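Architecture and fold: a report
Each chain is listed here by its residues.
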Amino acid sequence: MGRLPLLFVSLAVFAGLLLAGTAAAQAAQEDETCLSCHAAEGLTLTLPSKESLPVTIDPKIFKQSVHGSVLTCATCHPNNTQYPHPKVAAQTLRDYKVARAEICQTCHSDVAKEFAGSIHGRALVMGFPDVPSCTSCHGAHNVVPASTPAFRNNTPQLCGTCHGDPRIMAKYGLRPVYEAYIREFHGVTTTLYKLTKPYSPTPAAICYDCHGVHNIKDTGDPAAPVAARNILTTCRNCHATAGR
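Residues numbered from 1 in each chain as written. Predicted model: local features only at pLDDT ≥ 70, side-chain atom pairs only at ≥ 80, totals over all residues. Heavy atoms only, no water.

Regarding its fold elements, the chain presents 13 helices and two strands. The burial tally for the chain puts 21% of its 244 residues in the buried class. Considering only intrachain contacts with a sequence separation of at least 6, the fraction spanning at least 24 residues in the chain is 51%. Of the roughly 16400 Å² of accessible surface on the chain, 64% is carried by carbon and sulfur atoms. (Helix = DSSP H or I, 4+ residues; strand = E, 2+ residues; numbered from the N terminus. Buried < 20%, exposed > 50% of the residue type's maximum accessible area, 1.4 Å probe, protein only. Contact = heavy atoms within 4.5 Å. Areas by Shrake-Rupley, 256 points an atom, 1.4 Å probe, with all protein chains shown as cover.)

Have a look at this one:
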């Protein structure tokens, strides 16, 4: 390559880096503008239902989240770039959370498709008020990597938020599986790891090892990993000689 083409390449690379740096600086400035208000303690928005929506954001927690270094406030809140912000359309806190989950689909379309076909996703579309949405399990501004030992070890308690609630279990005619789980070998082992080895993932089976993650099926569905005809195969993922 001659000197002149090499000069053009160098200039192009420099310009690209300069633009990237400028964009990053602009994004950081935009976030700082948002946080100049939203970092204030106790900030809430009262919805038409009279429920309070917390809108205080801890800058440090957000920055340490999986989204903190790759997304800006405007990525998920594109309508709030102007002040005063437009009126929130959601009538209730539940409506707000369901609507916000649609933003997640912008990046996580494959996961959203899986979830839509799951027992939770179908129930959400049908309007059942207790069904989890994205933020129910992952949080909003404090999302941590699902691959961490802490997330794995805390998953039973996370699922237990609903499946350990007697009111919800009775309402939908579900068995108290969470209470049974935490008292048997897998649950006890996971609890011990959580308490004594928080930086090590439990080797015992947790909820998603047997039921799936975003694609959880009704236990009565023949395709469910825990359906009667599939349960032995599922157990053999850990216990190779099970049933032999």
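The omega angle of the peptide bond from Tyr 83 to Pro 84 is 0 degrees, so this bond is cis rather than trans. Along the chain, Pro 84 falls in the loop between helix H3 (73–76) and helix H4 (93–104). Unusually for a residue other than glycine, Lys 50 sits at a positive phi of about 75 degrees. Here Lys 50 lies in the loop between strand S1 (44–46) and strand S2 (52–54).

Turning next to the environment of Ser 147. For Ser 147, the location among the structural elements is in the loop between helix H7 (134–138) and helix H8 (149–163). In the structure, Ser 147 is positioned 54 residues away from Pro 201 in sequence and 9.4 Å away in space, judged by C-alpha atoms.

According to the stated counting rule, one finds four salt bridges in the structure shown. Salt-bridge contacts for Asp 130 lead to Lys 171; the nearest nitrogen and oxygen are separated by 3.0 Å. In this pair, Asp 130 sits in the loop between helix H6 (119–125) and H7 while Lys 171 sits in helix H9 (residues 166–171), placing the two residues 41 residues apart along the sequence. Three or more residues are tied together by salt bridges with common partners; here these are Asp 130, Arg 167 and Lys 171. (Salt bridge = Lys/Arg side-chain N within 4 Å of Asp/Glu carboxyl O.)

Contact pair H8 / helix H11 (residues 185–196): the axes reach a minimum separation of 9 Å and the direction vectors enclose 125 degrees. With respect to each other, H8 and H11 are oriented oblique. Regarding H8 and H11, the two cross each other, and that crossing is left-handed. Contacts between H8 and H11 pair Asn 153, Asn 154, Pro 156 and Gln 157 from the former with Thr 190, Thr 191, Tyr 193 and Lys 194 from the latter. Each residue belonging to the contact of H8 with H11 can be placed in one class, and the counts come to two nonpolar, five polar and one charged. (Axes fitted to C-alpha atoms, helices over the stretch in contact; angles between N-to-C directions. Parallel < 35°, antiparallel > 145°, perpendicular 65-115°, else oblique. Left-handed = near helix turned anticlockwise from the far one by under 90°. Nonpolar A, V, L, I, M, F, W, Y, C, P; charged D, E, K, R; others polar.)

What follows concerns the packing of aromatic side chains. Tallied over the entire structure, the rule returns one aromatic pair. When the centroid spacing of 5.8 Å and the interplanar angle of 75 degrees are considered together, the rings of Phe 128 and Tyr 172 count as edge-to-face. On the criterion of sequence distance, the pair formed by Phe 128 in the loop between H6 and H7 and Tyr 172 in the loop between H9 and helix H10 (177–181) is long-range, its members being 44 residues apart. For Tyr 172, a relative accessible area of 29% translates into the label partly exposed. (Phe/Tyr/Trp six-rings, centres within 6.5 Å; stacked < 30°, edge-to-face > 60°.)

A separate point is the side chain of Arg 152. Tracing the sequence through the fold places Arg 152 in helix H8. The class of Arg 152 is buried, set by a relative accessible area of 14%. At 3.0 Å, the side chain of Arg 152 forms a polar contact with the backbone oxygen of Ala 204. Other than its neighbours up to four places away in sequence, Arg 152 contacts Pro 201, Thr 202, Ala 204, Ala 205, Ile 206, Tyr 208 and Asp 209. (Polar contact = N/O pair within 3.5 Å; in protein donor to acceptor, adjacent residues only side chain to side chain.)

Quick look at the environment of Ser 133 now. By secondary structure assignment, the location of Ser 133 is in the loop between H6 and H7. Among the residues examined, Ser 133 registers a relative accessible area of 4% and is labelled buried. Expressed as a C-alpha distance, the spacing of Ser 133 and Arg 100, which sit 33 residues apart in the sequence, is 9.0 Å.

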